[in-house]
Amino acid sequence: MAYTLYRILRAFRSICIPLTAVIGFSCMLTFIFILYQPTPGPGIIQRLGWQSWAVIQLQGSIDAPTSGTTTALPSAHTDVPAGVDWWNVTTPVNTVDSSSLPLDKWAPLMPHNAGLSEIAVTRCLINPEISGDLCAPDSTSEDDAIKGKWVRVPRNLNLEANYLSGWLNIYYRRTRRQDINLITDIRLLQAGESPLPIDNWHHAALSLRSGVMRAPPLYLWYRTGKTLVEMNSEERSNLITELDILYGEDVPWYGFEKLEPPTMPEKGRVEATWLTYRRGVKSPPKAPPLHFSSSGNFKILQVADLHFSVSQGICRDTDLEPCVHSDNLTTNLISRVIDAEKPDFVVFTGDQLNGQGTSWDPKSVLAKFARAVTDKGIPWSAVFGNHDEESGIWKEEQVQLMKALPYSLVERGPKGVHGVGNYVLKVKSPDASKTHLLTLYFLDSGSYSKGFFDWWGFFTPTAYDWIHKNQIDWFLQQSASINPIERPFTPDSGKDLGNIWKRQSPEQITPTIKRLAKPNALMFFHIPLPEAYAKADADPRTNKALDVGASGQEQPGNAKHNDGFFENGILKAMESDHTGKGHALEVKVVGNGHCHVTENCRRVKGVWMCFGGGGSYSGYGKIGFDRRFRVYDISDFGETIRTYKRTEKNEVIDEMVISGKGAAPS
């Protein structure tokens with residue numbers, strides 16, 4: 001037994017040393033080639049060209065501006081000059097240091113002022129999202145250091161072609177170096193054509209129609225101009241700084257321009273594909289703070305259920321003749337209504353996108369849906385409907401896109417609350433006190449709570465979503481945080497700047513009885529509450545039901561499930577803890593969309609539940625039921641709320657006062 005144990009120990013000793021050597025050597029190789037990832041440090045990065053560091057200063061060079069959007073601005077505490085409205089005073093805005101923006105990421109919303117140095121086109125039979133850099137243009141570390149790394153525009157030029165056409169993508173290099181010739185112009189030319197003179201023009205080797213059968217080749221040409229150090233400020237502001245792809249025949253994203261001709265022409269059910277580009281930095285103009293006029297008025301236009309698509313739209317349920325390109329017709333109709341009403345604010349109450357397979361590129365649709373409003377410089381906001389998230393991108397990304405449009409007041413809202421787009425906007429007084437006079441609540445009523453996937457992978461909804469418990473809690477918290485004001489408010493109450501404000505005219509009678517209470521509030525979300533279909537209050541003056549407008553022409557559009565938002569939220573939010581006589585609810589009106597041929601206002605337990613009515617030729621309707629838009633005309637610095645609808649025939653219908661002097665008593 002002892003002899004056997006001795007032999008085992010001796011055998012173990014004989015293999016221990018070589019085994020240890022093999023294991024140790026394997027560990028060393030693993031560390032060197034796998035685990036060890038050396039960090040070269042900023043010195044090597046600076047030399048080799050991570051171009052946030054690689055700025056070569058040549059003799060007489062001028063540093064590129066850190067932002068192409070702003071100049072020196074006055075202090076936020078600058079006094080308002082006499083005779084100047086406070087909302088027209090320039091205030092500092094948060095600017096982005098463009099030198100801190102990444103050069104190797106495609107992000108068209110970023111205010112990049114760094115120019116492009118090279119453009120290429122590649123075709124891949126495998127989705128680049130899966131294959132990575134498999135089909136990227138060839139490059140070397142030296143070229144990456146000098147010209148910038150290749151950046152893919154992740155939008156397929158062959159998206160509208162057949163399944164065998166593959167993925168056709170544009171790549172570009174971006175650089176901050178001042179010794180590199182940068183791109184100043186781009187053209188699209190047929191095979192055999194070239195720009196004249198040809199000097200400094202280059203072209204991508206692959207056609208922009210590669211993979212599309214029987215399509216004549218179309219090549220991208222680009223011209224390189226001076227180096228950054230040789231350019232003046234005007235030339236630098238005209239550099240090509242971004243590329244993007246637009247689907248459909250409508251307008252490109254703000255700040256971008258189309259390149260003629262389309263890479264994929266429109267034909268039948270195939271939508272056009274366009275290459276778009278941006279020069280310099282085009283920051284969207286910001287909306288001024290919401291405020292009443294000096295006469296105490298503030299007007300809101302509600303636009304419900306646009307149902308826009310990537311195409312120019314197909315008319316539905318209308319006797320309008322001719323009716324083609326319904327999206328554009330609707331945009332023109334909204335523009336005419338704006339000219340007639342001159343609103344101070346526009347709210348889109350959901351279903352901006354049609355979904356249902358026609359808004360497959362939401363970015364191209366979002367580029368056009370608010371054009372009638374942004375072209376006129378009017379502040380606007382939006383909530384989501386049940387169709388907005390059906391195809392393309394999530395609400396989170398849609399919010400970022402909408403925030404990047406001109407005059408947008410859209411907010412994402414708190415992330416800990418159900419949905420996207422739960423937020424509050426406040427309308428201030430026109431005098432120097434900037435008193436909060438009107439509250440606007442926006443909530444996400446969700447999309448669908450139930451459904452199933454068919455054999456082809458398509459989702460079929462069976463139940464609508466609703467406003468959830470944490471949204472109710474959030475609303476009550478927001479309501480509780482609003483401070484009471486002295487009501488009715490007058491701008492000449494001693495808080496103004498002396499003789500800036502004229503005294504009220506004799507016709508405007510100021511009540512002598514004042515009280516401390518929160519401002520009146522309006523609330524907007526897409527899917528109506530069950531209470532919108534409940535029994536209406538009776539007008540104590542006439543004993544008639546307080547229900548004005550068309551209803552009952554379609555099935556109720558509320559969710560079947562309910563967390564009790566009306567009873568546990570809206571009816572709990574009071575103007576004041578000391579209400580005195582009767583009810584004093586903070587929220588006077590709830591504005592909904594969703595139901596296109598329902599457009600009534602019904603008062604239930606003191607709250608008006610109002611539908612916007614379908615305003616779009618692209619959404620469903622009813623023959624003989626004109627497209628229409630609801631208007632909320634708020635006067636007396638928030639005390640009086642009047643509503644009516646303006647139709648496509650320019651008729652004003654169902655005008656009534658729903659709060660304030662002349663309204664039905666509670």
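Reference entry: report on the structure contained in this document. Within each chain, residue numbers correspond to sequence positions counted from 1 in written order. This being a predicted model, a pLDDT of at least 70 is required before a residue's local features are given, and a value of 80 or more before pairs of side-chain atoms are given or counted; all residues contribute to the totals for chains, interfaces and linings. Computation of side-chain values covers all heavy atoms of the structure but excludes hydrogens and water.

1. Thoughts on the pairing of strand β23 (residues 607–611)
So, step 1. Categorising residues by exposure relies on relative accessible area from a 1.4 Å probe, with only protein chains included: less than 20% of the type maximum marks a residue as buried, more than 50% marks it as exposed, and the intermediate range marks it as partly exposed. The numbering of helices and of strands both runs from the N terminus, where a helix is a DSSP run of H or I of at least 4 residues and a strand a run of E of at least 2. Of all five residues making up β23, five are buried, and the element is well covered by its neighbours.
So, step 2. The side-chain alternation of β23 yields two buried faces, one formed by V607, M609 and F611 and the other by W608 and C610.
So, step 3. Any two strands are treated as partners once DSSP identifies two or more bridges connecting them. Note: strand β21 (residues 587–592) against β23, four bridges, orientation parallel. The partner of V589 across the bridge, within β23, is W608.
So, step 4. In terms of strand pairing, strand β22 (residues 601–604) meets β23 through four bridges, oriented antiparallel. Bridged to R602 within β23 is M609.
So, step 5. Counting the residues between successive antiparallel strands, the hairpin from β22 to β23 contains two residues, one of them, K605, with a positive phi of roughly 55°.

2. Observations regarding the sheet that holds strand β3 (residues 167–174)
So, step 1. Strand order across the open sheet formed by three strands is β1-β3-β2, with antiparallel pairing between neighbours. Strand pairing shows two members of the sheet lacking a second neighbour, β1 (116–124) and β2 (150–153), which therefore form its edges. Taken pair by pair, the neighbouring strands of this sheet meet at an average axis angle of 30°, ignoring direction.
So, step 2. Sheet topology places β1 next to β3; eight bridges connect them, and they run antiparallel. Considered in β3, the bridge of C124 is made with W167. For helices, the fitted axis covers only the stretch in contact; all axes are lines through C-alpha atoms, and the angles between them, taken along N-to-C directions, range from 0 to 180 degrees.

3. Here we look at the packing of aromatic side chains
Two measures describe an aromatic ring pair: the distance that separates the ring centres and the angle between the ring planes.
So, step 1. Only centres within 6.5 Å qualify two rings of Phe, Tyr or Trp (six-membered ring in Trp) as a pair; their planes then separate them into stacked at under 30 degrees, edge-to-face at over 60, and tilted for everything else. A full pass over the atoms with the stated rule returns 16 aromatic pairs.
So, step 2. An angle of 25° between the planes, with centres 6.0 Å apart, marks the rings of Y448 and Y464 as stacked. One end of the pair, Y448, is in strand β15 (residues 448–453); the other, Y464, is in strand β16 (residues 459–464), with 16 residues separating them in the sequence.
So, step 3. Ring plane angle 75° and centroid distance 5.9 Å describe the contact between F524 and Y632, whose orientation is recorded as edge-to-face.

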